[in-house]
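# Descriptive analysis of the structure
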Amino acid sequence: MTTNEKYERLKDIKTENMIWVIYIVIIIMSWYANSKEKKYILYNDEKNRKEYQKLMTLIFSILVIFYYYFAKDSWEDFKKLNANDTNKKKGLTYASLMASILILISGLIFLGIAITDDEISTEIAFN
């Protein structure tokens, strides 16, 4: 690994660490959203339903941004592959790209559900 490659990888790790901190905030927001959903279910409180839906839309909007970042990063790694790379590296890089794209698609689907499900009848959760 060259010095430049090491620098780039360390830069990526720094960005990923920031994302993990934001994930912790998202977990707390999800817990809070669940309390709003619970109040809506128990008391049929319209205000809590709207707050729950707004929170879920915000959560999945943030997640889609993260999923896009990881998909883009996987795409960049895929484009860097060359003929000298091992079949194992090529296969794993391709698998990572496919997984990242599928996660992005799932995030977009969940975001669409969060935005359109006015009755909050569909259970959605990020993984």
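Residues numbered from 1 in each chain as written. Predicted model: local features only at pLDDT ≥ 70, side-chain atom pairs only at ≥ 80, totals over all residues. Heavy atoms only, no water.

## Remarks on the packing of helix α2 (residues 46-79) against helix α3 (residues 87-116)
When two helices pack together, their arrangement is given by the angle between their axes and by how far apart the axes lie. As a packed pair, α2 and α3 sit with axes 8 Å apart at the nearest point and diverge in direction by 160°. Between α2 and α3, the angle is such that the two are roughly antiparallel. The two elements α2 and α3 meet at a crossing, and its hand is left-handed. Split by residue class, the contact of α2 with α3 holds 19 nonpolar, 9 polar and 1 charged. (Axes fitted to C-alpha atoms, helices over the stretch in contact; angles between N-to-C directions. Helix = DSSP H or I, 4+ residues; strand = E, 2+ residues; numbered from the N terminus. Parallel < 35°, antiparallel > 145°, perpendicular 65-115°, else oblique. Left-handed = near helix turned anticlockwise from the far one by under 90°. Nonpolar A, V, L, I, M, F, W, Y, C, P; charged D, E, K, R; others polar.)

## Remarks on helix α1 (residues 3-43)
With 41 residues, α1 extends 60 Å between its outermost C-alpha atoms, agreeing within 8% with the 60 Å of an ideal straight helix rising 1.5 Å per residue. Taken residue by residue, α1 has Asp12, Glu16, Ile19, Tyr23, Ile26, Met29, Ser30, Ala33, Lys36, Glu37 and Tyr40 as its buried positions. Buried residues along α1 sit against α2. Following α1 by one or two positions, Asn44 has its phi on the positive side, about 50°. (Expected span 1.5 Å × (residues − 1). Buried < 20%, exposed > 50% of the residue type's maximum accessible area, 1.4 Å probe, protein only. Contact = heavy atoms within 4.5 Å.)

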